[in-house]
Amino acid sequence: MCMLTSTSSAQEKSALKANVSYGAVTELTTRIDTPSAGATNVNVQDRPQAGPWVAEVDAIKTRQDKAAFRALFQHFAPRVKAFLMKSGANAALAEETTQEVMATLWTKAHMFDPARASVATWIFTIARNRSIDALRKQRRPEPEDLPWGPEAEPDQEDVLALQQESTQLARALSELPEKQRVLIERAYFGDLSHSEIAAETGLPLGTIKSRIRLALDRLRHAMG
Amino acid sequence: MGYAAGTLPEAFNLVVATHVSLCDECRARLMEFEAVGGAVLDDAAEVELSEGALEATLKLISSRAKDPIKTVWAQTGVFPKPLQDYVGGDLSAVTWRRMGGGVKQAVLPTSKDASVRLLFIPAGAEMPDHGHAGTELTLVLQGAFLDDGDRFARGDIEVANQELEHTPIADIGEDCICLTATDAPLRFSGVVPRLAQKIFRI
């Protein structure tokens, strides 16, 4: 959020907008790695490069495919549970909430828009919102949708671009220097504020902010 | 980023969600931060689920109906949708409390770690000079205000922290309505506002 990085003005017009744009497709299409995850037990011939797990979510949406759900569950449920426990849930609550999150994935499958998010990102937002409900007993205000609303059938080119960028993002994240990656993970999972990170790691606050920003910048460059 | 990660107090989340409804640039950044969150999740360590967790989840699913498609359409009104949800309607639904000098406020119910209120400042009026013990986010919904040479209009957010002592003034053109979240009481420089502070819980 711009407002969280600036002290007095929200009007800073940074050049960040491009990061979720759908650029750089043509260059990428020639060298996509087939993601190791997903798309194994579902017929995906009609969209071979749609991105990890998109075909499984689609299978749930179109034909309530339990095999696809099982594959998603095996991959994501243990990660969601780890996320919830790092956010402060005990094992029992994390288990229960994970089941809730995965059930929500089923009941909301028809709302997943692969042109806007990867499956991992979508599940992350569901888990985050459930964790706010369950752990903090708070409401989670969500922004209103864009005036033009979701497309009935997302444009395949947008889907391809977004899903490829996500794959690229995952790779960029894994290639970050260890120190930066750890801090990013803690900011997301540890439910730590920057000052709490400072208290826990003994790093001065300024360093942490700049390291997180540096890491995000690096990710942006990797995406550029 | 705190909003994307889900680590902010509810009051701040409301201001951010309302702002993102008005600012495409920040919407893009929010999606960017969420994308990073997704990548981090995918990359993360795993914690085994209990035996039978999948079956339990499938059972949970069979007991539920499919969620209806809810599109949160942009509203025509002064308040974006997330704020309307808290107020229970648009501007006309607000129950204002007078604070003197034509200034009015309405505190919205959120979790106690921070507070959020709507402020109504008549065109040209000024807020008492104050500093902050914590962070204050102010989002303009109608009109504009001037603060030390900067002008903030609809959709703009001012972030104030410990270092800033300020006297925002509503722009002359129109009454100014803001959504303001704070995680600590304000520090007023004058005695009268300090007394009023006790009464108005700011």
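Definitions and cut-offs
Residues numbered from 1 in each chain as written. Chains lettered and ligands numbered in written order. Predicted model: local features only at pLDDT ≥ 70, side-chain atom pairs only at ≥ 80, totals over all residues. Helix = DSSP H or I, 4+ residues; strand = E, 2+ residues; numbered from the N terminus. Buried ≥ 20, exposed ≤ 12 C-beta atoms within 10 Å, placed from the backbone. Contact = placed C-beta atoms within 7 Å. Axes fitted to C-alpha atoms, helices over the stretch in contact; angles between N-to-C directions. Left-handed = near helix turned anticlockwise from the far one by under 90°. Nonpolar A, V, L, I, M, F, W, Y, C, P; charged D, E, K, R; others polar. Pairing = 2+ DSSP bridges. Core = buried A, V, L, I, M, F, W, Y, C linked by C-beta atoms within 7 Å. Parallel < 35°, antiparallel > 145°, perpendicular 65-115°, else oblique. Expected span 1.5 Å × (residues − 1). pLDDT = per-residue confidence, 0-100.

S.K.: Looking at this model, I keep getting lost on the overall build of chain A. Mind explaining?
M.R.: Across its full length, chain A carries ten helices and zero strands. Beginning at the N terminus, the succession of helices and strands in chain A can be written as α-α-α-α-α-α-α-α-α-α. Counting across all 224 residues of chain A, residues that qualify as buried make up 40%.

S.K.: Any chance you could explain the overall build of chain B here in plain terms?
M.R.: A count of helices and strands for chain B gives six helices and eleven strands. In chain B, the share of contacts with a sequence separation of at least 24, taken over all contacts with a separation of at least 6, comes to 65%.

S.K.: Help me understand the packing of helix α7 (residues 156-175) of chain A against helix α3 (residues 24-43) of chain B, please; the structure alone is not making it clear to me.
M.R.: Angle between the axes and distance between the axes: these two values describe a pair of packed helices. With their axes 9 Å apart at the nearest point, α7 of chain A and α3 of chain B run at an angle of 65° to one another. The way α7 of chain A lies across α3 of chain B gives a crossing that is right-handed. Where α7 of chain A abuts α3 of chain B, its residues Ser166, Leu169, Ala170, Leu173 and Ser174 of chain A lie against Ala35, Val36, Gly38, Ala39, Val40, Asp42 and Asp43 of chain B. Class assignment for the residues of the contact of α7 of chain A with α3 of chain B results in seven nonpolar, three polar and two charged.

S.K.: Just checking my understanding: could you explain the sheet that holds strand β7 (residues 150-153) of chain B for this structure?
M.R.: Hydrogen bonding along the main chain pairs the strands of a sheet, whether they run parallel or antiparallel. Residues and elements named next belong to chain B. Strand order in the open sheet formed by three strands is β7-β6-β9, and the pairing between neighbours is antiparallel. Each end of this open sheet is capped by a strand with a single partner; those strands are β7 and β9 (169-170). In this sheet, β9 lies alongside strand β6 (residues 144-147) in antiparallel orientation, the contact comprising two bridges. Within the sheet, the bridge partner assigned to Phe145 lies in β9 and is Ala170.

S.K.: Help me understand the pairing of β7 of chain B, please; the structure alone is not making it clear to me.
M.R.: Side-chain direction in a regular strand flips from residue to residue, so the side chains alternate between the two faces of the sheet. Residue and element names in this part refer to chain B. Bridge count for β6 against β7 is four bridges, and the pairing is antiparallel. Each bridged residue has a counterpart across the sheet, and for Asp147 the counterpart in β7 is Asp150. Connecting β6 to the antiparallel partner β7 that follows it, the hairpin turn spans two residues, and Asp148 within it adopts a positive phi of roughly 50°.

S.K.: Even after reading the chapter, I still don't get the nonpolar core, so can you show me in this structure?
M.R.: Generally speaking, nonpolar side chains in soluble globular proteins are found buried as a group. Among the nonpolar cores identified, the biggest contains 87 residues, and Ile123 of chain A together with Val15 of chain B are the most heavily contacted of them. Among the elements that line this core, the one with the most residues is helix α4 (residues 66-86) of chain A, at ten residues.

S.K.: Could you clarify how one ought to interpret helix α3 (residues 54-63) of chain A in this entry?
M.R.: Helical geometry: 3.6 residues make up each α-helical turn, so side chains three or four residues apart lie on a common side. Residue and element names in this part refer to chain A. Burial analysis of α3 places seven of its ten residues in the buried class, the great majority of the element. Taken residue by residue, α3 has Val54, Ala55, Glu56, Val57, Asp58, Ala59 and Ile60 as its buried positions. Where α3 terminates, the next one or two residues include Gln64, which has phi positive at roughly 45°.

S.K.: Looking at this model, I keep getting lost on the sheet that holds strand β2 (residues 103-108) of chain B. Mind explaining?
M.R.: Residues and elements named next belong to chain B. Within the open sheet, the six strands sit side by side as β1-β2-β3-β10-β5-β8. Their pairing is antiparallel. Every other strand in the sheet has two partners, leaving β1 (97-100) and β8 (157-160) as the edge strands with one partner each. The mean inter-strand angle of the sheet, taken between neighbouring strand axes irrespective of direction, is 25°. In this sheet, β2 lies alongside β1 in antiparallel orientation, the contact comprising three bridges. Among the inter-strand pairings, Arg98 is bridged to a residue of β2, identified as Lys104. Packing against the sheet, helix α2 (residues 10-22) makes contact with β3 (115-121), β5 (136-142), β8 and β10 (176-182), and its axis sits at approximately 140° to β10.

S.K.: Please clarify how the packing of helix α5 (residues 91-107) of chain A against helix α4 (residues 53-62) of chain B should be interpreted in this entry.
M.R.: At a closest axis distance of 9 Å, the pairing of α5 of chain A and α4 of chain B adopts a crossing angle of 50°. By the criterion of interaxial angle, the relationship of α5 of chain A to α4 of chain B is oblique. The chirality of how α5 of chain A crosses α4 of chain B is right-handed. Only Ala53, Ala56, Thr57, Leu60 and Ile61 of chain B of α4 of chain B make contact with α5 of chain A, whose side of the interface consists of Glu95, Gln99, Met102, Ala103, Trp106 and Thr107 of chain A. Residue composition of the contact of α5 of chain A with α4 of chain B, grouped by class: seven nonpolar, three polar and one charged.

S.K.: Honestly, α2 of chain B in this entry has me stumped. Any pointers?
M.R.: Residues and elements named next belong to chain B. Spanning 13 residues, α2 covers 19 Å between terminal C-alpha atoms, matching the ideal 18 Å at 1.5 Å per step. With twelve of 13 residues buried, α2 lies mostly within the body of the structure. All buried positions along α2 are accounted for by Glu10, Ala11, Phe12, Asn13, Leu14, Val15, Val16, Ala17, Thr18, His19, Val20 and Ser21.

S.K.: What's the story with unusual backbone geometry in this structure? I'm lost.
M.R.: Most peptide bonds adopt trans geometry, and most residues besides glycine take a negative phi value. Phi at Trp53 of chain A takes a positive value of approximately 75°, unusual for a residue other than glycine. Relative to the helices and strands, Trp53 of chain A is located in the loop between α2 (25-29) and α3.

S.K.: What is the right way to read the confidence of the model for chain B from this model?
M.R.: Detailed reading of predicted coordinates is not advised where the pLDDT is low. In the predicted model, chain B carries a mean pLDDT of 82, and the fraction of residues at 70 or more is 82%. At the level of chain-chain contacts, confidence expressed as ipTM amounts to 0.75, with global pTM at 0.74.

S.K.: Please clarify how the environment of Lys86 of chain A should be interpreted in this entry.
M.R.: All names here are of chain A. When you line up the elements, Lys86 lands in helix α4. For Lys86, a count of 20 C-beta atoms within 10 Å translates into the label buried. Between the C-alpha atom of Lys86 and that of Asp58, which follows or precedes it by 28 residues, the distance is 30 Å.

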